[in-house]
Amino acid sequence: RPRAGRPLLLAFEPPWKQEPIDRPGRGRRQQQQVAMLAYNRRLLGLGLALLTAHAGGLAAPVRSLVAPARAGAPTVLVIGGGHAGTEAVAAAARLGARALLVSQRLDTIGEMSCNPSIGGIGKGHLVREVDALDGLMGKLIDEAGIHFRMLNERKGPAVRGPRAQADRDIYRVATQEALRHYPGVELVEGSVAELIIDDAEAAVLGARPATVRGVRLEDGTEIFADSVVITTGTFLRGVVHVGQESRPAGRYIKSEDREVEPPASKLAASLGALRLPLARLKTGTPPRLDGRTIDWEHLEPQPSSRPPQPFSYVRAGLGLPVAQADRLIDCYRTATNVRTHQIVLANAHLLPKYEGPGPRYCPSLTAKVTRFAGRDSHGIWLEPEGLNSHLVYPNGLSSAFPEEVQKLVIQSIAGLEKADIIRPAYDVEYDFVDPRAVDHSLAVKACKGLYLAGQVLGTTGYEEAAALGLVAGANAALAPAGFEPFVVGREEGYIGVLVDDLVSAGTSEPYRMFTSRAEYRLCLRQDNADLRLTARGAAAGLVVDEQRIELAQRKERGASEARQALESLRLGSAEWHERGFSNVIKQQGPARSGAEMMAMPETLLEQVEAVLVAKGILPGGIDPLAREEVTISAKYANYLKRQEDEVARWRAHEGALIPASIDYHALASLSSEEVEKLDAARPSTLGEAAAIQGITPNSLTYLLAHIRSRRSAGVRNAAQSAVPL
């Protein structure tokens, strides 16, 4: 029966609801955990047969409306079914909330609006952290991935980043299937017109915060909730541009039909009523090409890693392959040329006129040609969009020229001379909220119960959106229940770096994660997110998969036992020499521990492990789950100490004065972004420089060293000039 003010709507009953979970002696949180454990085991079993059965067509839209909430369970309502929204609603459900996801089209939930890929440098770290906290993205890309690479594989472990190309259809359908069967999640098809807010005028006057009560849909339906999470992506007053033709929209959704989804203009007005600081940003996506018209024979193949490393710690820990392991594909590389650049520059006047800046680190082709005028070519990666699709994503060719100009650009490139455009490149402009308007839980300071996540906070990329969605959804469930917020520190994870950068410094351009943004990047590796975050998430109730918790505990236990064994093993140089380490140390020398031997670049873990087994110190050897952690922590022990010292040094000198005459362009270790921002802001102290968004900890350390060297040089010059006649 409908409660007063709450319409009874037709409810979609997912399979987990078909058996009652109100079991005697169990609270709602425990009931949810039982259902979630069964769900996670079922999700790991999702296979190609299930997904490809849906990949040929969209899952049928379902209208799911609101039934009365269970007693004592907070209701969390999430607006938007993108990567932020899906993580937000799932996180709220894991914490025992009644979690509603409202999307104007349920058949576009999980759509990859731009590049059909997940991960990368810094971004892959975020995905693994989301997975360590029981999120969806790692599991989904393991189901849908058709091309996997570990970027920076030849560099140090701190900067290695997993990346996977997805089958766009499988990823979308897997997301929808996951949410339809997710314990505690309900899906609502409808367009949110406005927020229902109490005390909005008082909040504007600064008398007291407003309070969000729910949302009103376009058809007048009101849905009430304890918390509301806005994850609208590029839809807030969104406008798409192709050349100088523009239309209100959040994105294109059907490549062949060129269909668009309408923007969320009324919702933007609702945020404006709270006097939240709104501004404009833009992003773009390249054209989609017909793969049947590409000359593949003359292109450079980019093979997938085989076997690929899963993103999900559970899948990897159980030794399971990714779902499409037997169907991996190659991507291909080509490049622009001088003729391409001439076409771009000659037609630059035909580009759209923008209100807001675009992403610095995913620039348009026009921006690259203009910014790097001395370069004759830029790489283009041709990435097929699916196993059963002829669409190809030309990564690196984003520029929203008129379609006839786009065709000239495409056909000037090797291998694409006869390529047909299925859908033209386009740019989209949209509103975002200055992220300094939220706190570290992603709660809006001016409105109790309202949370923001994803591009609405100024980020770019699926991975940043997923990470913010998880944090916002978790805290939207925790706050009404009276629990402390779940906040990841900068020293704990890239999620913490992401949130702190945004909340503390804001952003004037789409924010992208890089490993260089983290002070403690040697500790925050993509391989150890489970050790850093799973236990914390379990303590907060956010991680409920018992198998995941057990695997993380086993890995931690194995690593701890191995480290202790390495420290306790101590042999003289002669014995190390006799045991096969003659290429590492000389026969005469001091005694060394196993840990000291592991710190030497030439030493392999297998060699030292054999000694541990032979000596009876670790009879069973090192747990396979812990081997990578043990190796990296031993090899980089000295570097970790140096990193901590460097961070402590620049933090202790935040008051250090920066000379007004400093020439940032002369400092070779600064990036072009940092030079531009420091030169514009002209900070007077190191602390002021640290507060500028985009200035990395490494650069602050370098800047401090430069200031000190200038000061020392000045002292020496003064002493020399003071020599008596």
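Preceding this paragraph is the structure being described.
These lines cover the structure that appears in this document, whether it is placed above or below. (Residues numbered from 1 in each chain as written. Predicted model: local features only at pLDDT ≥ 70, side-chain atom pairs only at ≥ 80, totals over all residues. Heavy atoms only, no water.)

### Comments concerning the overall build of the protein
Right, on to step 1. Scanning the protein from terminus to terminus reveals 24 helices and 26 strands.
Right, on to step 2. The buried share of the protein, reckoned over its 725 residues, is 57%.
Right, on to step 3. Within the protein, contacts between residues separated by at least 24 positions form 75% of all contacts whose residues are at least 6 apart in sequence.
Right, on to step 4. Summed over all atoms, the accessible surface of the protein reaches about 29,200 Å², with 52% contributed by carbon and sulfur. (Helix = DSSP H or I, 4+ residues; strand = E, 2+ residues; numbered from the N terminus. Buried < 20%, exposed > 50% of the residue type's maximum accessible area, 1.4 Å probe, protein only. Contact = heavy atoms within 4.5 Å. Areas by Shrake-Rupley, 256 points an atom, 1.4 Å probe, with all protein chains shown as cover.)

### Considerations on the packing of helix α4 (residues 123-132) against helix α13 (residues 462-478)
Right, on to step 1. Contact pair α4 / α13: the axes reach a minimum separation of 9 Å and the direction vectors enclose 30°. Of the possible angle classes, the one that applies to α4 and α13 is roughly parallel. Viewed along their axes, α4 and α13 form a crossing whose handedness is left-handed. Between α4 and α13, the contacting residues are Lys-123, Leu-126, Val-127 and Val-130 on the first element and Glu-463, Glu-464, Ala-466, Ala-467 and Leu-470 on the second.
Right, on to step 2. When grouped by side-chain class, the residues that make up the contact of α4 with α13 number six nonpolar, no polar and three charged. (Axes fitted to C-alpha atoms, helices over the stretch in contact; angles between N-to-C directions. Parallel < 35°, antiparallel > 145°, perpendicular 65-115°, else oblique. Left-handed = near helix turned anticlockwise from the far one by under 90°. Nonpolar A, V, L, I, M, F, W, Y, C, P; charged D, E, K, R; others polar.)

### Digging into the packing of helix α15 (residues 529-540) against helix α16 (residues 546-568)
Each packed pair of helices is defined by two parameters, the angle between the axes and the distance between the axes.
Right, on to step 1. Running from amino to carboxyl end, α15 crosses α16 at an angle of 135°, the nearest separation of the two axes being 10 Å. Regarding the angle of α15 to α16, the classification is oblique. Judged by the twist between their axes, the crossing of α15 over α16 is left-handed. In this structure, α15 uses Asp-530, Leu-531, Thr-534 and Ala-538 to contact α16, whose residues at the interface are Arg-548, Ile-549, Ala-552, Lys-555 and Glu-556.
Right, on to step 2. Its residues assigned to classes, the contact of α15 with α16 shows four nonpolar, one polar and four charged.

### Brief notes about the sheet that holds strand β4 (residues 145-151)
Right, on to step 1. With respect to topology, three strands assemble into an open sheet ordered β3-β5-β4, the strand pairing being antiparallel. Each edge of the open sheet carries a strand with a single partner, namely β3 (117-119) and β4. Mean inter-strand twist for the sheet, computed between neighbouring axes without regard to direction, equals 15°.
Right, on to step 2. For β3 and strand β5 (residues 161-166), the ladder comprises three bridges, and the chain directions are antiparallel. Each residue of the ladder has a partner; that of Ile-118, found in β5, is Ala-164.
Right, on to step 3. The sheet strands contacting α4 are β3 and β5, and the helix crosses β3 at an angle near 80°. (Pairing = 2+ DSSP bridges.)

### A short note on the side chain of Thr-460
Right, on to step 1. Along the polypeptide, Thr-460 turns up in the loop between β24 (450-452) and α13.
Right, on to step 2. On the basis of relative accessible area, Thr-460 is assigned to the buried category, the value being 12%.

### Focus: empty space enclosed by the protein
Right, on to step 1. The final tally for this structure, using the stated rule, is seven cavities of 30 Å³ or more.
Right, on to step 2. Estimates place the volume of the second largest cavity at around 60 Å³.
Right, on to step 3. Taken together, Pro-287, Leu-365, Leu-397, Ser-399, Phe-401, Gln-406, Val-409 and Ile-410 form the lining of the second largest cavity.
Right, on to step 4. The leading source of residues in the lining of the second largest cavity is helix α12 (residues 403-411), at three residues.
Right, on to step 5. Taken together, the residues of the lining of the second largest cavity sort by class into six nonpolar, two polar and no charged. (1 Å grid on protein atoms, 1.4 Å probe; cavity = no way out; pocket = protein on both sides within 12 Å on 5 of 7 lines; lining within 4 Å. Points joined across faces, edges and corners; volume = space filled by probe spheres on them.)

### Some details on the pairing of strand β20 (residues 391-395)
Right, on to step 1. Counting buried residues along β20, four of its five residues qualify, which places the element largely inside the surrounding structure.
Right, on to step 2. Relative to β20, strand β16 (residues 288-290) runs antiparallel, the two being bridged by two bridges. Within the sheet, the bridge partner assigned to Asp-290 lies in β20 and is Leu-391.
Right, on to step 3. Sheet topology places strand β19 (residues 379-384) next to β20; four bridges connect them, and they run antiparallel. Of the residues in β20, the one forming a bridge with Trp-381 is Asn-395.

### As for the nonpolar core
Right, on to step 1. Ranked by internal contacts, the top residues of the largest apolar core, which has 127 residues, are Leu-195, Val-228 and Leu-450.
Right, on to step 2. Take this core: its biggest share by element is 12 residues, from α13.
Right, on to step 3. When residues no more than four places from it in sequence are discounted, the contact partners of Val-228 are Leu-77, Ile-79, Leu-195, Val-212, Gly-214, Val-215, Gly-449, Leu-450 and Tyr-451.
Right, on to step 4. In terms of nonpolar packing, the next biggest core, distinct from the first, is built from 23 residues, Ala-559, Phe-581, Leu-612 and Ile-622 among them. (Core = buried A, V, L, I, M, F, W, Y, C linked by side-chain atoms within 4.5 Å.)

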